[in-house]
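# Inside the fold
Residues per chain, in single letters:
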Amino acid sequence: LNKETKTCVSQQSCAIDGKWSPWDDWSQCSTSCGNGWEKRERWCSQPYPQHGGRHCVGDRTEVKSCNLRPCPVDGKWSPWGDWSACSVSCGNGQSTRRRECSQPYPQHGGRHCVGDRTEVKSCNLRPCPVDGKWLPWGDWPACSVSCGNGRSTRRRECSQPYPQHDGTHCVGDRAEVKSCNL
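Predicted model only: the values in this text are computed from it and were never measured. (Residues numbered from 1 in each chain as written. Predicted model: local features only at pLDDT ≥ 70, side-chain atom pairs only at ≥ 80, totals over all residues. Heavy atoms only, no water.)

## Remarks on the overall build of the chain
For the chain, the count of helices and strands is 0 helices and 6 strands. Reading the chain from its N end, one meets helices and strands in the order β-β-β-β-β-β. Across its three principal directions, the C-alpha atoms of the chain cover 170 × 25 × 15 Å. Counting the 182 residues in the chain, one finds 19% classified as buried. For the chain, the proportion of contacts with a sequence separation of at least 24, taken over those separated by at least 6, is 65%. Carbon and sulfur atoms make up 48% of the accessible area of the chain, which amounts to about 13,900 Å² in all. The average position of the 25 basic charges and that of the 19 acidic charges among the side chains of the chain differ by 1 Å. (Helix = DSSP H or I, 4+ residues; strand = E, 2+ residues; numbered from the N terminus. Buried < 20%, exposed > 50% of the residue type's maximum accessible area, 1.4 Å probe, protein only. Contact = heavy atoms within 4.5 Å. Areas by Shrake-Rupley, 256 points an atom, 1.4 Å probe, with all protein chains shown as cover. Lys, Arg positive; Asp, Glu negative; His and termini not counted. Charge placed at Lys NZ, Arg CZ, Asp CG, Glu CD.)

See below:
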């Protein structure tokens, strides 16, 4: 132990060197994540330097890093993509579009995007065209005369089915004529 003794004329005139107080507790970290800092302090107060005594040597404040883990990053949706082509050209189809939870992706325990990744809508709701088709020919009726140059006419209908929703009409003749009783 190194000790130095000095004789003083009066107690007031003796120089008293300052000494550090114990360190305070570390402060709370400046951030909950992502490279924060915390600090602690001490004072040159036990005792304060007096009567020309030396000031404490060393730092009054210490700083250290804390919470070095990355902060959570919540995911956010990308903009919706384009609608797909309709699944049918007529008669109640569907079209879809998508988005991704990628702007940004969830990271470091962040939350995933809330909501649907895919959206569906109805499309081409108009009914499909229905082309007309002929019913079978009817039987030949009796000849128009019992002898000499008669005619017989048979008919058919474009109703199996009727043309609908801009469908084409039946192609061909509705009536057929033949000579009879020649």
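Structure's up, so let's keep going.
## Remarks on unusual backbone geometry
With an omega dihedral of 5°, the bond running from Gln103 to Pro104 counts as a cis peptide bond. Locating Pro104 in the fold gives a position in the loop between strand E3 (93-98) and strand E4 (118-123). The amide bond that connects Gln160 to the next residue, Pro161, takes the cis arrangement and shows omega of 0°. Here Pro161 is to be found in the loop between strand E5 (150-155) and strand E6 (175-180). Notably, Asn67 is not glycine yet its phi reads approximately 45°, a positive angle. Considering the arrangement of structural elements, one finds Asn67 in the loop between strand E2 (61-66) and E3.

## As for the state of the cysteines
Applying the stated criterion across every chain, the model contains 8 disulfides. Residue pairing for Cys33: its cysteine sulfur links by disulfide to Cys71, the two sulfurs lying 1.9 Å apart. Judged by the sign of its S-S torsion, about 105°, the bond between Cys33 and Cys71 is right-handed. Here Cys71 lies in the loop between E2 and E3 and Cys33 lies in the segment before strand E1 (36-41), a separation of 38 residues in the sequence. Exposure remark for Cys71: the relative accessible area of 29% places this residue in the partly exposed category. One disulfide in the model links Cys90 with Cys128; its S-S distance is 1.9 Å. (Disulfide = S-S within 2.5 Å.)

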